[in-house]
Amino acid sequence: MMYEQCGCHWASLEDFFSADAVLLVMRVVCVVSYVALASWCFALWYWMRCRSVSFLGKTLNAVRSWCGTRTTSDEDKKVDELVSANRERRGWELVILNGAVMTLLTFNSLSSLHAGGVWGDASKDDMARIMFDSASVNTLVWSMITLFVFCWGRCSTNVLNCLHVLFYIGVIVVHWSVSNTTNFSVRLAVTAAFRVLSAFILGHVSLTLVLSAAHCISIVARVASTPLSSANVSYILWAEVAICLISIAGSGMSESILRREMKAILQANFAARAERTAKELLTLVCDAVVTLDENLCVHLPSPALAALLFNPSHQAFCGVAFEELVCSSDRVRFRE
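Residues numbered from 1 in each chain as written. Predicted model: local features only at pLDDT ≥ 70, side-chain atom pairs only at ≥ 80, totals over all residues. Heavy atoms only, no water.

> Help me understand the pattern of salt bridges in this model?
Between side chains of opposite charge, pairing is possible as soon as their charged atoms come close. Taken as a whole and judged by the stated rule, the model has 1 salt bridge. The partner of Glu240 in a salt bridge is Arg195, and the shortest N-O contact between them spans 3.2 Å. With Glu240 in helix α9 (residues 230-285) and Arg195 in helix α7 (residues 181-202), this residue pair connects regions lying 45 residues apart in the sequence. Residue Glu240 shares its accessibility class with Arg195, and that shared class is buried. (Salt bridge = Lys/Arg side-chain N within 4 Å of Asp/Glu carboxyl O. Helix = DSSP H or I, 4+ residues; strand = E, 2+ residues; numbered from the N terminus. Buried < 20%, exposed > 50% of the residue type's maximum accessible area, 1.4 Å probe, protein only.)

This is the structure:
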């Protein structure tokens, strides 16, 4: 199925703004962009220097709090805590990455505004193009939102969910801002890539499902209000359905992989605790406790064994086959 380009004008948000209103909005955008650019430069410098915020501690605390006795519900609860902590860490990294990208895009938007004469006799068409057909306003909004999250210093699950919702709202506004088929096609492709990426990074299948359904409804309403041919409408709708399915599947896959990883961490921690407990119990009833590797060689130093065999070295017998430490008359029985 081929997608045919149409050069006709679409009804968009641009129709609701006069020339003076567009110029006023872009001047406000320009001033706020100065503040956002300076703030993000300082914030990124501060983060690179201090790195004072870390969500890895939550993961470590959740692992350390894992107790010796467990049930299925306890394990699921701990896995949920680890998944939440890991998602918060991902979200914080996403905020930092967004700040770096928004800094570059804001600088580019300021360059375009000054080149268009925002503080002089600016052309209405140039300002309208920058406001609606470029991503300057959307860039500024996201720059301020993520700057607020950075200054707040927290990126909890609820904050990530709010950012996810705001992202989809911004995408919908972008689709209703474009005024021709070419820009709509480009925006649809770019936002589709970001939707899939956000689904993989943030997970949360149920929220992704709801937001994808809302976006699909918005796309249906948008193409219904445009003079597109039935072939183009069919192409856009099938592409939207495919992106929705990919986003939902990617979100579920990401969450499933993350849960399996966190469950493996818990099980490894439990096994280590069980090993330490068994070793402590054996120490109470045995003269020496030795840890062997898969080849039945001494894996870790055993001061008690070294004392029994009158070897004062701290690394005594490490790497030595345990059979060599057994009395020759008992080796046959040991092999059995």
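After presenting the structure, the write-up continues.
> It is not clear to me how the environment of Ile201 should be interpreted in this structure. Could you clarify?
Inspection of the secondary structure puts Ile201 in helix α7. With residues near it in sequence (within four places) discarded, Ile201 still touches Arg90 and Leu94. (Contact = heavy atoms within 4.5 Å.)

> How should the packing of aromatic side chains be read in this particular structure?
The relation between two aromatic rings is expressed through the spacing of the ring centres and the mutual angle of the planes. The final tally for this structure, using the stated rule, is 1 aromatic pair. Aromatic side chains Phe167 and Tyr168 sit 5.6 Å apart centroid to centroid with 90° between the ring planes, which places their arrangement in the edge-to-face category. The class for Phe167 is buried, based on a relative accessible area of 17%. For Tyr168, a relative accessible area of 2% gives the class buried. (Phe/Tyr/Trp six-rings, centres within 6.5 Å; stacked < 30°, edge-to-face > 60°.)

> In this structure, what is going on with the UniProt feature "transmembrane region" (unreviewed entry) in the protein? I would like to understand it.
UniProt feature "transmembrane region" (unreviewed entry): in the numbering of this structure it lies at residues 24-48, 94-115, 135-152, 159-178, 209-229 and 235-253. Taken as a whole, residues 159-178 contains 95% helix and 0% strand, while its terminal C-alpha atoms sit 29 Å from one another. In residues 209-229, helix accounts for 76% and strand for 0%; the two terminal C-alpha atoms are 29 Å from one another. (UniProt positions renumbered as here; feature names shortened; annotations may be inferred.)

> Teacher, can you tell me more about unusual backbone geometry here?
Glycine aside, the phi torsion of most residues is negative, and most peptide linkages are trans. Of note, the phi angle at Leu296 is positive, near 60°, even though the residue is not glycine. Tracing the backbone through its elements, the reader meets Leu296 in the loop between α9 and α10 (303-308).

> Please explain the packing of α7 against helix α8 (residues 205-224) as it appears in this structure.
What describes two packed helices is the angle between their axes and the distance between those same axes. Axis separation between α7 and α8 bottoms out at 12 Å; the angle between their running directions is 175°. By the angle between their axes, α7 is roughly antiparallel relative to α8. For the pair formed by α7 and α8, the contact residues are Phe184, Leu188, Arg195 and Ala199 on the first element and Thr208, Ser212, His215, Ile219, Arg222 and Val223 on the second. Class assignment for the residues of the contact of α7 with α8 results in 5 nonpolar, 3 polar and 2 charged. (Axes fitted to C-alpha atoms, helices over the stretch in contact; angles between N-to-C directions. Parallel < 35°, antiparallel > 145°, perpendicular 65-115°, else oblique. Nonpolar A, V, L, I, M, F, W, Y, C, P; charged D, E, K, R; others polar.)

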